[in-house]
Amino acid sequence: MDVRCVRDFIYIDIDRVKSIISQLEEGLIDQTQIFSGSSGGSTLCGEGGLFSFLKAGADLNLNFHRQLSETKYLHDYIYNKVEKLLLNESQLLRIPNEEICVCSEDLRNSLTDNSFILIKGKIAINDFSQLRKLVDNFEELSKFVARCDIANRTELSKAQAKLAYDDLVNKSLRNFDKDTRKGLTLVIDMFYQDRIVIKIFPFREYPDFRFVGNLNKIYLRDDIESIIYKYGTAPVSDWTIFGQIASIPPENISNEMLNMTGNQIENALQRLFDANRNLEKMAQSVTYPEIAITPIAIYRE
């Protein structure tokens, strides 16, 4: 029995998919027509009367043909088509696959600056607009979380609750002081702005080996807030990314100061994203026993 793969597309650039197909097939067919028909016949027999001028027992055969046409627009099936074409042309590398099931230097060397790749693994979504809001409101958010925590500690007296509240807020702000928040706000505004970055980790035992891409919001099937609400910024299930290599940075960068600064900024930002994921578990993501769904249609009967 032929079971077709149904994909839940979070993001798809149809124009780029069409471009690949048109180059491989010297043109693009985005719709097909299927014709089906049936034919049959009937016989009229008559003697005398109206047909008296005909030979008695004459037969009159009537033949007919019915034809039905169906037009199919490829729509999302066009992605299936491009993946199959690239695989047939040996221009698509699956990561991981039967031959490359572990991370190795050979895998990195097998990639070129224009390789098409199909990666499956864990992902992380870094939404810098969301992070900017966290930085801006960190102090007030820390105070709110502290108030919620103290409110549940009914054994404390009023004076004890005040001391515990101040301690929680001060500890939070010490770990992320005002100058640090101001510096990160400047970095985000200058270099990241409202960018959405996705990272995929095909090998769990090698988290440093990952693929990173920038998402164009117009190709998202849903707004980023809804996607994060349903799946979180670090979904528990494996996702697949079909893409093309943009660049492969070398191991050594000539500008040592730039390399050091970049690592420091990346580490600081990553700690913030990790902290943000802890907060989203409380307020933003769907958690057990709830079940997240993707509505396909909403209607009333």
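Basis of the calculations
Within any chain, residue numbers begin from 1 and follow the written order of that chain's sequence. Only residues with pLDDT of at least 70 get local features here, since the model is predicted, and only at 80 or more are side-chain atom pairs given and counted; chain-wide, interface and lining totals rely on the full set of residues. Hydrogens and water are ignored here; the side-chain numbers use all heavy atoms of the structure. Put simply, a nonpolar core is a bunch of buried Ala, Val, Leu, Ile, Met, Phe, Trp, Tyr and Cys residues held in one set by side-chain atoms that sit within 4.5 Å of each other. Three labels apply to residues, based on accessible area from a 1.4 Å probe with only protein chains included: buried if under 20% of the type maximum, exposed if over 50%, partly exposed otherwise in between. The helix count covers DSSP runs of H or I at least four residues long, the strand count covers runs of E at least two residues long, and both are numbered beginning at the N terminus. Here, residues are in contact when the closest pair of their heavy atoms is within 4.5 Å. Any two rings among Phe, Tyr and Trp, with Trp reduced to its six-membered ring, count as a pair given centres within 6.5 Å; such a pair is stacked if its planes are under 30 degrees apart, edge-to-face if over 60, and tilted if neither. For every element, the axis is a line fit to its C-alpha atoms; helices are fit only across the contacting stretch, and the angle between N-to-C directions ranges from 0 to 180 degrees. Roughly parallel here means an angle under 35 degrees, roughly antiparallel means over 145, roughly perpendicular means 65 to 115, and every remaining angle is called oblique. Helix crossings get a hand from a simple test, with the near helix turned counterclockwise from the far one by less than a right angle marking a left-handed crossing and a clockwise turn marking a right-handed one. By the convention adopted, Pro, Cys, Tyr, Trp, Phe, Met, Ile, Leu, Val and Ala count as nonpolar, Lys, Arg, Asp and Glu as charged, and the other residues, Gly among them, as polar. Patch construction takes residues with relative accessible area above 30% that form no salt bridge. Like charges are linked within 9 Å, and nonpolar side chains (Val, Leu, Ile, Met, Phe, Trp, Tyr) are linked within 5 Å. Accessibility throughout is a Shrake-Rupley quantity obtained with a 1.4 Å probe, and a residue counts as covered only by protein chains that appear here. A pairing counts as a salt bridge when a side-chain nitrogen of Lys or Arg comes within 4 Å of a carboxyl oxygen of Asp or Glu. The pairing criterion is simple: DSSP has to find at least two bridges between the two strands. Multiply 1.5 Å by the residue count of a helix minus one, and that product is the helix's expected span. The arc in question is formed by the directions pointing from the helix axis toward the C-beta atoms. Think of a polar contact as two N or O atoms within 3.5 Å of one another; within protein, one of them needs to be a possible hydrogen donor and the other a possible acceptor, and neighboring residues in sequence only count if both atoms come from side chains.

A. Representation of the nonpolar core in the model. Counting 23 residues, the largest nonpolar core has Ile95, Ile117, Phe203, Phe211 and Ile224 as the members making the most contacts within it. If you list the elements that add at least two residues to this core, you get strand S4 (116-127), strand S5 (196-201), strand S6 (211-215) and helix H8 (224-231). For Phe211, the contacting residues outside a window of four places in its chain are Ile95, Leu111, Ile117, Ile119, Ile198, Lys199, Ile200, Pro202 and Ile245. Counting 20 residues, the second-largest nonpolar core is a separate cluster that includes Ala146, Ala164, Tyr165 and Val197.

B. Main features of the packing of aromatic side chains. Taken as a whole, this structure holds ten aromatic pairs when the rule is applied. Plain terms: the ring middles of Tyr79 and Phe242 are 5.6 Å apart, the flat faces sit at 75° to each other, and that makes the pair edge-to-face. With Tyr79 in helix H2 (residues 77-88) and Phe242 in strand S7 (residues 239-244), this pair connects stretches of sequence that are 163 residues apart. Members of the aromatic cluster, each reached through a chain of ring pairs, are Phe9, Tyr79, Phe116 and Phe242.

C. Summary view of unusual backbone geometry. For the peptide bond that leads from Ile95 to Pro96, omega is -10°, which places it in the cis range. For Pro96, the location among the structural elements is in the loop between strand S3 (92-95) and helix H3 (105-110). Although it is not a glycine, Ser90 sits at a positive phi angle of roughly 55°. Inspection of the secondary structure puts Ser90 in the loop between H2 and S3. Overall, the relative accessible area of 67% leaves Ser90 in the exposed class. Phi at Gln193 is positive, roughly 55°, even though this residue is not glycine. Among the structural elements, Gln193 can be located in the loop between helix H7 (178-192) and S5.

D. The arrangement of the packing of helix H1 (residues 14-25) against H2 in detail. Remark: H1 packs on H2, axes separated minimally by 10 Å, with the N-to-C direction vectors making an angle of 45°. Here H1 lies oblique to H2, going by the angle between them. For the pair H1 and H2, the crossing hand works out as left-handed. Contacts between H1 and H2 involve Ile14, Val17, Lys18, Ile20, Ile21, Leu24 and Glu25 from the first element and Ile78, Tyr79, Lys81, Val82, Leu85 and Leu86 from the second. Looking at the contact of H1 with H2 residue by residue, the class counts come to ten nonpolar, no polar and three charged.

E. Local environment of a nonpolar patch on the surface. A contiguous nonpolar surface patch, about 340 Å² in accessible area, is contributed by Leu186, Met190 and Phe191. Turning to its location among the elements, Leu186 is positioned in helix H7.

F. Region of interest: the side chain of Thr185. As for its position among the elements, Thr185 is in helix H7. Contacts of Thr185, omitting those with residues within four sequence positions, involve Arg132, Val135 and Asp136.

G. View of the pairing of S4. With ten of its twelve residues buried, S4 lies for the most part within the structure. Inspection of the sheet shows S3 paired to S4 by four bridges, in the parallel sense. Along S4, the bridge assignment pairs Ile95 with Ile119. Direction of pairing for S4 relative to S7: antiparallel, over a ladder of six bridges. Pairing of Ile117 across the sheet is with Gly243, part of S7.

H. Quick look at the packing of helix H5 (residues 138-151) against helix H6 (residues 158-175). Direction vectors running N to C along H5 and H6 enclose 145°, while the axes themselves pass 9 Å from each other. For the crossing formed where H5 meets H6, the hand is right-handed. Taken together, the residues of H6 that come into contact with H5 (itself represented by Phe138, Glu139, Ser142, Lys143, Ala146, Arg147, Asp149 and Ile150) are Ala161, Ala164, Tyr165, Leu168, Val169, Ser172 and Leu173. For the contact of H5 with H6, the residue count by class is nine nonpolar, two polar and four charged.

I. Looking closely at H2. The end-to-end C-alpha distance of H2 is 17 Å, a good match for the 16 Å that twelve residues give at a rise of 1.5 Å each. Taken together, the buried positions of H2 are occupied by Ile78, Tyr79, Val82, Glu83, Leu85 and Leu86. Looking down the long axis of H2, one finds its buried residues gathered within 160° of arc, a one-sided arrangement. Relative to its buried face, H2 has exposed residues pointing more than 90 degrees away, namely Lys84 and Asn88. Buried residues in H2 make contact with H1, S3, S4 and S7. A positive backbone phi angle near 55° is found at Ser90, which sits one or two residues after H2.

J. Region of interest: the environment of Ser22. Considering the arrangement of structural elements, one finds Ser22 in helix H1. Each C-alpha atom, one on Ser22 and one on Val82, is 9.6 Å from the other, the two residues being 60 residues apart in sequence. Separated by 2.8 Å, the side chain of Ser22 and the backbone oxygen of Ser19 make a polar contact.

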